[in-house]
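# Summary of the model geometry
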Amino acid sequence: MSDEVSIFISVLNTLLYGKAQGQSRDPAEGADESDVEKGASTVSNTVTVTLQPNVSEIYRGETITVRCEIQGGGDTEWEYEWETTTSFKPSNQHEHRISSASSSHSGDYRCKGRVKSSQHRTTEWSSSVRLTVYDNKPRPVLTVSPSWLSPGASVTLNCEVEHPSAGWRFYWYKTVPDLSHNYYSYKLLPGNSRGTEQDSYIVHGQTHTAGYVCRAGRGDPVFYTDNSEPKFVWSGDLHPAASLTVNPDRVQHFYSDSVSLSCEGNSTEWRVKRFNEHGSLSHCSDWWRMTGSTCKVYLSSPINAVYWCESGSGEFSNAVNITVQNDYYGIILVSPVHPVTEGESVSLGCRFRTEEKLSSVFFYHNDKLIQNDTRQELNISAVSKSDEGFYKCQWSGRKSAQSWMSVKVSNSITVILQPNWPLIYSSETITVRCEIQGGGDTGWMYEWRPAKLNKPPSHNEYRINRATESDSGDYRCKARSEYFLTEWSDKVTLTVSPRKPEAQLTADKTAFPAGGSVTLTCSVNPSPGWKYFLYRDNKLSEPLTTHDAAFQTTGRTSVSQEGLYSCRGGRGAPVYYTEYSHSVSIDITVSNRAVVILQPNWSEIYRGETITVRCEIQGGGDTEWEYKWKTTTSFKPSNQHEHRISSASSSHSGDYRCKGRVKSSQHRTTEWSSSVRLTVYDNKPRPVLTVSPSWLSPGASVTLNCEVEHPSAGWRFYWYKTVPDLSHNSYSYELLPGNSRGTEQDSYIVHGQTHTAGYVCRARRGDPVFYTDNSEPKFVWSGDLHPAASLTVNPDRVQHFTSDSVSLSCEGNSAEWRVKRFPEHGYMSHCSDWRRMTGSTCNIHLHWHNDAVYWCESGSGEFSNAVNITVQNDYYGIILVSPVHPVTEGESVSLGCRFRTEEKLSSVFFYHNDKLIQNDTRQELTISAVSKSDEGFYKCQWSERKSAQSWMSVKVAVMEPKSSSSPVLLIVLLLCGIVLIILLLLCCCRKSTDPCWNRLTQSQRENKATDKTVSHDDNQQQTYSSLLQGQFFIYLSMFS
């Protein structure tokens, strides 16, 4: 065809159709128009657009190939032309691969072919193929059936992809709680690592609450959907790894009730999940707060929901239904949250929002009326499977919601050991068996824990032939039949000990008299099933009791022959033997008697003392003995006749007993001696000294008593006088006369003590000598002043008020002083402990309210008089004003009564030894000439207030010569003195010839020799006595 003709046709086409050659048109308009335009002819081949894979609906990111295929083309070579309604324009190729589809690829696709060798020979346009690309990645929808597990039922999962299309493979997962990230991880279910072509999957053997997820994949490379939302299958059965309990324990609750959901099991981390009736899944922190493992729910919305726990270790608990009653005047059914086991009893009730129990209630089971009398509860004494179902209650026209009560099958499954030995030993044989009670003839398949027992086929028992330590552990089993699935049994613990056990042989006594017998008992603890074999005198190949069936069973037998016995145990088939027991020596007793004695005979001693424990056999004659000891102490004596404990300690405390064995016959012994108890005290004893009296009376003796803690015999007592040592703030001690070797008596009498003094004692005993510590010093006090050391008090009275300032001043033959105090609670101290000495004065501020005795001690070792200070603590109280020091007979004294202020009180009652002696208006009690009868306790009373009582001491007057200025008297005294001197001179001249004089001087020499052993205190006493005698003679010479 010439160019002119072609132009003509093109112009004609424009006139007819209004379109120029080469302009595009809708692919639906057909192929003829183009041929006309081009003047081409069509061929008969059919053109088809295909999709690879053949999926017309795909998702963003998928890969697909659009292909133009010409049928019946033979060997013809073709060129291709494409038309689409999309913005994506394929090139003129046979096919186009869309690697990552998007919505721009959505549209209709058609194509045609042109013969390469003839440009005007083409096919018709193919029919259009529509491709749809969805922008959103698909999320499949998972359904789970059933929602609640029944024993033995399978769980069916279905996974559906939105805009269903072909080519998908489905992947199935079990959810695993991940509390740290507050979501789930997913674990592929068995048998679908490459996915399944079917959009369903069956889970067998699921017994507890579980969550599932699915997703789908197709294409090459594989395009995956998102994961589906988790869906759950719930079980109401509790199990140890994770359980949920509800408080109050019922299914139905009222709107605004508080409910506690508590998680328990093998984890410390928990979350409570909720799936409500509207299909919304949430956890406790979305609507309340977890406290530990408990979620407290305030039912603020009338939404029914399923609740369960998820643990940090990936476990799901049982699930519970919570139904909410929104009607304020409505009623609820009280029914158990958890399944009820067959054979158990259950009670259902009906109640208002208040705690009232309703009576005359109608109860329905699966909408059938089953009780309509006056009772308050529906009681089922023994639940059966037929009782399972929906229950509701009705009262006075009001009906509760209905709740499901689940009943679980009572097939009881137990692991037993045959023989029933929970403890066995290496190389023993045992069988582990799984038994189902109430299982009938149902064909069961068994599953074991530990998993090593799950070897096909699933047997109900396993025989462990030569047990090893690796067989130790907990054994559990469960069983499945076509219709039933049991729970896991309780665990049975098997322990395999690697050590061979040793038998134990005991005797009720190890010795008996001739003609007697003993009972021997052989045992293997703590496991049962043993037979016992007895042997004597190390003849281990010849058991004595193979004929004794009773001994083989019980391990007990009686023997009447002395010897060395042992035993062992055996059990099982083949027989497994224990080690032999330790040998027990059985002896015949002789008539001799063993006795334990202590030398010295002290049953209570102290750490460091020496004592001998001796075993003596009475009536032993010339027999030679060996000795055996038993003690309850950690000290174990050797088998000797006696044991010397050189330095005793508490480890030696206990009971000692012994027996003797005849050397020439090893099985002839005495009986055990009686026990002797020895007690060794760890602390060195400190004796307690008591002094009587505490206050000196003229001419009275002082009695000292020294008591050692845990009194026992053998002590000698030593008595000392304390001497103040101000440089070391302590005392030194001087031995009192006549006890350089101690005294056997625990008392000592001091004669002639006239002033305050301190005493100490200690005790000793044993060889070598053991000394106690010194006792605490104890004092005898005198109120009399004396020149060497005296204490004065300012204000000069016995009683004072708290917060008073009191000066205690020491005077005498020393420049150094300390003031001591002994309060009523018995803790002795000195001025620097509670105040400060200023020179020889201690100024005290009576902050405390303890009465006390005070005295001075000098640097030269002297004690002063002592004074009582009594403290009035009552702010509004009164005190008696009485002298601190003793009053001399014949002197006058005045006693008063006063407040804390300086007021003198009038109209005061005065008492002497609790007897009222003055009750007039006077302010004072005045005694013009004191006598010894006035000594005693005084107190005062004013307007119902009474003072404390204080002692007023009266000392006897010492007669002194009256002074005289008479010259005559002076002359007489002078003459008497001259006469006395002359008489002494005459005696001196005659001393060498007078035997009386010689006797006197000899006596003086002996006294001087004796005086060398007397302490400083003895010299003081003798000197003091001499002074008294000298005063007496002068008094006589002066007034005779």
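What counts and how
- Residues numbered from 1 in each chain as written.
- Predicted model: local features only at pLDDT ≥ 70, side-chain atom pairs only at ≥ 80, totals over all residues.
- Heavy atoms only, no water.
- Helix = DSSP H or I, 4+ residues; strand = E, 2+ residues; numbered from the N terminus.
- Buried < 20%, exposed > 50% of the residue type's maximum accessible area, 1.4 Å probe, protein only.
- Contact = heavy atoms within 4.5 Å.
- Areas by Shrake-Rupley, 256 points an atom, 1.4 Å probe, with all protein chains shown as cover.
- Pairing = 2+ DSSP bridges.
- Axes fitted to C-alpha atoms, helices over the stretch in contact; angles between N-to-C directions.
- Polar contact = N/O pair within 3.5 Å; in protein donor to acceptor, adjacent residues only side chain to side chain.
- pLDDT = per-residue confidence, 0-100.
- Phe/Tyr/Trp six-rings, centres within 6.5 Å; stacked < 30°, edge-to-face > 60°.

With that settled, the discussion passes to the overall build of the chain. A count of helical and extended segments in the chain gives eight helices and 86 strands. Taking all 1040 residues of the chain together, the buried fraction comes to 42%. Summarising the internal contacts of the chain: among those between residues at least 6 apart in sequence, 62% fall at separations of at least 24. Of the roughly 55,300 Å² of accessible surface on the chain, a fraction of 49% belongs to carbon and sulfur atoms.

Within the secondary structure, Asn 318 is located in strand 26 (residues 316-325). On the basis of relative accessibility, which here comes to 0%, the residue Asn 318 falls in the buried class. If we ignore the near neighbours within four places in the chain, the residues touching Asn 318 are Thr 209, Ser 235, Gly 236, Asp 237, Leu 238, Ala 242, Ser 243, Leu 244, Tyr 307, Trp 308, Cys 309 and His 338.

Another aspect to go through is the sheet that holds strand 2 (residues 46-52). In spatial order, the strands read 2-4-6; together these three strands make up an open sheet with antiparallel pairing. Taken across any chain shown, the strands that pair with only one partner, and hence form the sheet edges, are strand 2 and strand 6 (95-98). Averaged over neighbouring strand pairs, the angle between their axes works out to 15° when direction is ignored. Relative to strand 6, strand 4 (residues 64-71) runs antiparallel, the two sharing four bridges. Within strand 6, the residue paired with Val 66 across the bridge is His 96.

Right, let's talk about the side chain of Gln 799 for a bit. Of note, Gln 799 is situated in strand 69 (residues 799-801). Exposure remark for Gln 799: the relative accessible area of 2% places this residue in the buried category. For Gln 799, the side chain forms a polar contact with the main-chain oxygen of Ala 948, separated by 2.7 Å. Within the structure, the side chain of Gln 799 is placed 2.9 Å from the side chain of Ser 950, a separation counted as a polar contact.

Now for the confidence of the model for the chain. Scored by pLDDT, the chain has a mean of 84; 86% of the residues are at 70 or more. Segment residues 961-966: pLDDT under 50, and four contacts once partners within four positions in sequence are set aside and those in other chains are kept. Here residues 988-1040 is a poorly scored stretch, pLDDT under 50, and it has 18 contacts once near neighbours within four places are set aside; other chains count.

Looking now at the packing of aromatic side chains. A full pass over the atoms with the stated rule returns 42 aromatic pairs. When the centroid spacing of 6.4 Å and the interplanar angle of 35° are considered together, the rings of Phe 170 and Trp 172 count as tilted. Take Phe 170 and Trp 172: they sit in the same class, and that class is buried. Judged by centre distance (5.2 Å) and plane angle (80°), the rings of Tyr 875 and Tyr 876 are edge-to-face. The class of Tyr 875 is exposed, set by a relative accessible area of 54%. By relative accessible area, Tyr 876 is classed as exposed at 56%.

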